[in-house]
Structures are given as structure tokens and as C-alpha cells.
Amino acid sequence: MSQTVYPVPAEWAANALVDEAGYREMHRRSLDDPEGFWAEQAKRIDWITPFTRVKETSFDEADFGIRWFGDGALNLSANCLDRHLEARGDQVAILWEPDSPDEPERRITYRQLHADVCRFANLLKSRGVGKGDRVTIYLPMVPEAAVAMLACSRIGAIHSIVFAGFSPEALAGRIQDCDSRVVITADEGLRGGRKVPLKANVDAALNHAPGVETVVVLKRTGADVAMRDGRDIDWADGIAEQSAECEPTAMGAEDPLFILYTSGSTGKPKGVLHTTGGYTVWAAMTHEYVFDYRPGQIYWCAADVGWVTGHTYVIYGPLLNGGTTVMFEGVPNFPDPSRFWQVVDKFGVEIFYGAPTALRALMREGDEWVAKTSRKSLRLLGSVGEPINPEAWEWYYRVVGEERCPIVDTWWQTETGGATITPLPGATPMKPGSASWPMFGVKPLLLDADGNVLEGAAEGSLVIADSWPGQMRTVWGDHDRFFQTYFTTYKGYYFTGDGCRRDADGYYWITGRIDDVINVSGHRMGTAEIESALVAHSKVAEAAVVGMPHPVKGQGIYAYVTTNAEVEPDDALRAELVKWVRTEIGPIATPDVIQFAPALPKTRSGKIMRRILRKIAENDTGNLGDTSTLADPSVVDHLLANRPATA
Ligand code: WTA
């Protein structure tokens, strides 16, 4: 743990929206008087019908429920677009940078974006899409992804974005789970100079998801793709005749806004559902305070819209706040490792928000790739998605930010909607590696294994004591799973799945997942999903997947595989299984290590002892703990003797 404390720079303390005293006062008020605090915060949004009720929430089984601003009505897209037209219609809303620096950028003003969104919303309406209908978006990082999201929210359709790196199988499952009738995609995606066959993937997915009636296809590369008559529409043709006006639909605060599938410790990915009012207030408020954001500042969140960070901090937060948001199609190291910082210079980016995995990868390439760029426009840096190790933090701070820019290390989850534990740049003295302090309205607690609340400096399970407006409301189609997953481990509390330490100064240090979820390059994955992909292979009898430390990815994927009796495990099978998982889930789930094992360590009741598998994967084999409860202790000796050379 790093002991260094970096004070808030004087000019930040003086000019920020919130200083340290202000933070403490606001945080206290947000917990003492949530009704008053949130009624006040909700004024930042234009309401079509003002709310009279604020917080109606309970985490207890008897009266469980989460409602915020319940009788109000609003429209998110109107808050992102229409209300800015008068003052900033000609301001650039989206600054798009393509994969290759040789292609021109695009600058889309609020006025243009408004017209594009209305046209696309009218196209969706002409295909019978209305309030409450699900629309699956499978697009690369292009402005049309924002157009599609905003068009859905304009007419009350529920968008479900599927990361464009997911396989046809994964896409099909997500289309079917929410019974989506519309898919929006592109001919191909472009990332790091490589083409991704998005339309072909959609076609393959729709073989398993026949309910889809409309596929809108954006031309990105101009590749020749199959178009099915009556079902598939070219984006440009589809909007050509549509009006550039579309009345925003009044949405109840608790009407569904979007679904985003995310991995849990068991079963298939779950459709996290966010609703309109609370999410909108939370996205706008957290974006403003975390980034000390003033309208018009050039702001870049390098996440993909396929993840929650892309939803809240590439699109909705910045547009709600009248921002200029950079959308980057490419990757950090293409065509070379200066790419991020060249884009910063090109656009004069003031605020940059990225993932530790990218920073670690760039750090390895050497400082010269950073040093040859100016970066003088940068004022603030952010980190998200996984714990940032102090070494990467220090590099980010010294080399990228030249000790001038505070770093906000924001802890949150798909479920929490926006930054939940985070420094504020003008308020929080920084400790490298610590997500620091709770956001307004958030009361984190640390519990021991028996559910006792720990006080003072302590380490335990991170729970949140009471509801906040940006909280997810349910798992799509399975409200019971929502309650079971998050509110039964510790009765009366929201369980995050993360472990956490609080130091004597009240700083929170996230230690990582304590359930069977792993975080690979900031992408969250359930070990159960990868296991079920592996056992779906005809030669595999059993599989167990655990995380292992990885210098760049944070965690890597370590899979133990038992083959069927007649199969001889060899390197060819190893390669085949890697390929198999990539097609079943997607390249992000590629196993780093596959260890073949004649048997897995199990208790006498047949439960796999993952604790032991984790230790072996971590190469922490000196202390395997108590193995006496194993049905066959010799299994462990075999595993230890046969760790693959690649591990
Ligand atoms: C991890 C991403 C440490 C954590 C926004 C959480 C972090 C999971 C941080 C959620 C951080 C996210 N420090 N860990 N700053 N941010 N995490 O749903 O384990 O993709 O539970 O949301 O990422 O991942 P998700």
C-alpha cells in the first residue's frame, strides 16, 4: 500500500466546484436529509411533470423496493439535446476520432446531433418501435452509436448495447433474453487496423434469434454485406426521408431506460436495468462533480459504449452537462503507443478518463511515446474499471500529467450507474491506489463474514447501506434474481461483490472481487460463463476457471480442464479450446492458461475447491491451506506437478 498523500493543488482547491469542506458538508447533508438533497440535485434536469415524491426505497425483504422521483416525468434525450439548442446549438457535442489517424475526424454540433437523433427516432417509429420495446445496439465507437442510444431514449425504447467484441453466440443470447425485435449494427467495425465482421456476426446470431424483424446497418467500411429484403435497412436510406423533428416521449421516472448485460458469479450474464429519472440525475451530478466539469470543456472518456462507463461517461453524463465529448474508435497502441496523447493534443483535451490496463500497457512501451507529445491542455485525469496499482498511478501522475493533474480513481459498477466511491479533484487529497471517499448519497460499510459492521480501519465485504438514485432497479425478466444476488448475502444491504479496506483516514481501498467474477483488462467476466463455454465442447468433461495475476490485464484467465476419458489432451486441443471460447463468448474471454487435469480438487460432497485452484494459478503454492477435507488429496499433487510452462 502506498503511503504517499498528494494534497489538492491550491488552484484546484480555490476554483473547484467543491472543496474539502464543501464535500464533507454536502456528503453529510446527503445522508442526513436525502429527500432535501436529491430534490435539490434533481433541479439540474428539466422535468416534463415535476415530481412530488423523492425517495421511496427499502432493501428489506418485507417492503423491498427502489423508487426515486416516482411521480415525475422527463425525457433523457431532450435533457441531452433540446435544452442546449438555444445556448449551444453550434457547439460541438461529439468530437469523433477514427481508428486511423489518416482518416478525417468528425465534429457534430448539438444542432446536428439533435436532427440526426430525431431522424433516427422517426425511422425506429416507422418500424413500429415504441415505448418499452427493446432495441439491441451492436455498433463500434462511431457517433451513430450515440445517435441510436439517444433516439431510443427519445421515444422510450429500451436500448441494450452489446459490446461489438462479443461473438454471435453471446449476441444471440442477449437479443433473446430481452426479446429484442430490432438490431442496429454496421457492416464492419475497425479497431487497431483490423476489421470486425459485425453484420456477418448479426446474421449468424439471428439464426438463433429469429424474432428480430428489423436490422439497421450503418456503412462504416463500405464492405459488401448480405442484406435480407424486408428485414435489413441501410442506415442512410432509412433516415433519408425522415423528419428532423421528433417530439420526445414523456417517460415516468421509473420507466425503464436501458438494459446492459453484465457478468455475475453464477449463471448467464444478467440484464441490469436502469430507469429514467434516478439514472439521469445521477449521471449528470456525478459527471459534473467528479470531473469538476464546466460546459464546453473538451472531455475524453476512452471507454467503449458497450460498457457502462461508455453509457454514463462517454454519452449521457457529458451531454446532460452541455459537454464536448470525444469518441475514439481505435485502441491505445495503434498505429503506435503515442496515439492517446496525440489525440489529446489534436483536440486540446482537458480531461482524460481511462482504464488502468491501457496505462499499464503504455507504461511498458516506455516514456518516450508520451514525452514526444505536448499534453499541455490536460488538467485532470481519471481511472476506472479495476484497481489501479500505485506504480501505474505514479506513472500516470508523473509522466502523463506531469504532476499538474489530479487523478480521480473512480470505483463503481454497472449496477451503481455512476461513480460511487471517488475522489473529487478540488476536495480530496489523493492516495495512489485508493478510490478514496463516497459520492454524495452513498454510505459504504465494511462487514465481516458474519455480517457484523466493522468500524474504523478495517477490511471486509463492501456493502452500501441505503439506496442512491443511480442504482439498478432489477434484473431484466428476473426480479427475484435481483433480490437474491444483491440483498440476501447481507440482509438489508446492497452487496457489491468487492472486498475493501478502509484506512485510519477513512479512505476506501478496493481490493478486488470476492465472488467468482474476474476482471480482465477492465472487462468483467463470470468464471461460470467461461466454464460453461468450455464444457459445451464435445471433448471436455469438466472445467474450472479462476483469475490469476497478470502484469497488464490486471487478471488473466486460468482454466483447469478435464477431458473426456477417451481424449488425449495435447497442445492441439489446447489451441482448439482457446479458439472455441473465443467463438462462444468473444476474444475478451480468451484463456491465458489451460491446464489439463485428470481430476479437479473436490470436497467429499463434490464441491470444487476453488481456493486451491486460485492458489495454484497464482503460483502461491507454499501455503495451500487445509486440504484435509478433499476427497482425494493426490489430485492437488498432480496439479502442482503439471502447471503448464506458460503459467
Ligand atoms: C471493479 C465498471 C477498483 C470492481 C465501472 C467492480 C474497480 C467492477 C474500480 C465493476 C476502481 C471498477 N478500483 N476496482 N476504480 N472500478 N472496479 O460493472 O471490482 O464493468 O465491482 O463497471 O470493476 O465492473 P463494471
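Per an unreviewed UniProt entry, the protein carries the name Acetyl-coenzyme A synthetase and comes from Novosphingobium fluoreni. Regarding the protein, the UniProt comment filed under Sequence similarities (unreviewed entry) reads as follows: "Belongs to the ATP-dependent AMP-binding enzyme family." The UniProt entry for the protein carries the following text under Cofactor (unreviewed entry): "Mg(2+)".

Further remarks concern the sheet that holds strand β11 (residues 214-218). Pairing in this open sheet of eight strands is mixed, and the strands run β12-β11-β8-β6-β7-β14-β15-β24 from one edge to the other. Whereas interior strands pair on both sides, the edge strands pair on one side only; in this sheet they are β12 (232-234) and β24 (474-475). In this sheet, strand β7 (residues 158-161) lies alongside strand β6 (residues 134-138) in parallel orientation, the contact comprising four bridges. Counted as the bridge partner of Ile 137 is Ile 161 from β7.

Here we come to the domain arrangement of the protein. By domain assignment, the protein separates into domain 1 (10-78 + 274-511), domain 2 (103-252) and domain 3 (521-642). The distance between the C-alpha centroids of domain 2 and domain 3 comes to 37 Å. Taken together, the contact between domain 2 and domain 3 spans six residues of the former and seven residues of the latter. For the pairing of domain 2 and domain 3, the buried interface totals around 470 Å² over both sides, and the portion due to carbon and sulfur atoms is 56%. Ranking the residues of domain 2 by area buried against domain 3 places Phe 166, Ser 167 and Glu 169 at the top, with a combined share of 58%. At the junction of domain 2 and domain 3, the tally comes to zero salt bridges.

On to the site of the ligand, then. Surrounding the ligand, one finds 17 residues, the nearest of these being Asp 409, Thr 410, Thr 414, Asp 498 and Arg 524. Take Asp 409: an N or O atom from its side chain is 2.7 Å from a nitrogen atom of the ligand. The contact in question runs from an oxygen atom of the ligand to an N or O atom on the side chain of Gln 413, over 2.9 Å. At the level of secondary structure, the elements contributing two or more residues to the shell around the ligand comprise α12 (308-320), β20 (407-410) and β26 (508-513). In the shell around the ligand, the residues fall into six nonpolar, six polar and five charged.

Cut-off values and rules
- Each chain has its residues counted from 1, following the order in which its sequence is written.
- Confidence filtering applies because this is a predicted model: local features only for residues at pLDDT of at least 70, side-chain atom pairs given and counted only at 80 or more, and all residues used for totals across whole chains, interfaces and linings.
- With hydrogens and water excluded, all non-hydrogen atoms of the structure serve as input to the side-chain values.
- UniProt positions are given in the numbering used here, feature names are shortened, and annotations may be inferred rather than shown by experiment.
- If DSSP finds at least two bridges between two strands, the strands pair.
- Helix and strand definitions here come from DSSP, where helices need a minimum of 4 consecutive H or I residues and strands a minimum of 2 consecutive E residues; each element is numbered from the N-terminal end.
- Segment limits for the domains were obtained from an automatic or database-derived domain assignment.
- Should any heavy atoms of two residues lie within 4.5 Å, those residues are considered in contact.
- Buried area: the accessible surface (1.4 Å probe) lost by two parts on joining, summed over both.
- Definition used for salt bridges: Asp or Glu carboxyl oxygen within 4 Å of a side-chain nitrogen of Lys or Arg.
- We call a residue near a given molecule or strand whenever any one of its heavy atoms falls within 4 Å of it.
- Here a polar contact is recorded for every N or O atom pair within 3.5 Å, except that within protein the pair must consist of a potential hydrogen donor and a potential acceptor, and residues adjacent in sequence are included only if both atoms are side-chain atoms.
- Under the grouping applied here, Gly and all other residues not named as nonpolar or charged are polar, the nonpolar ones being Ala, Val, Leu, Ile, Met, Phe, Trp, Tyr, Cys and Pro and the charged ones Asp, Glu, Lys and Arg.

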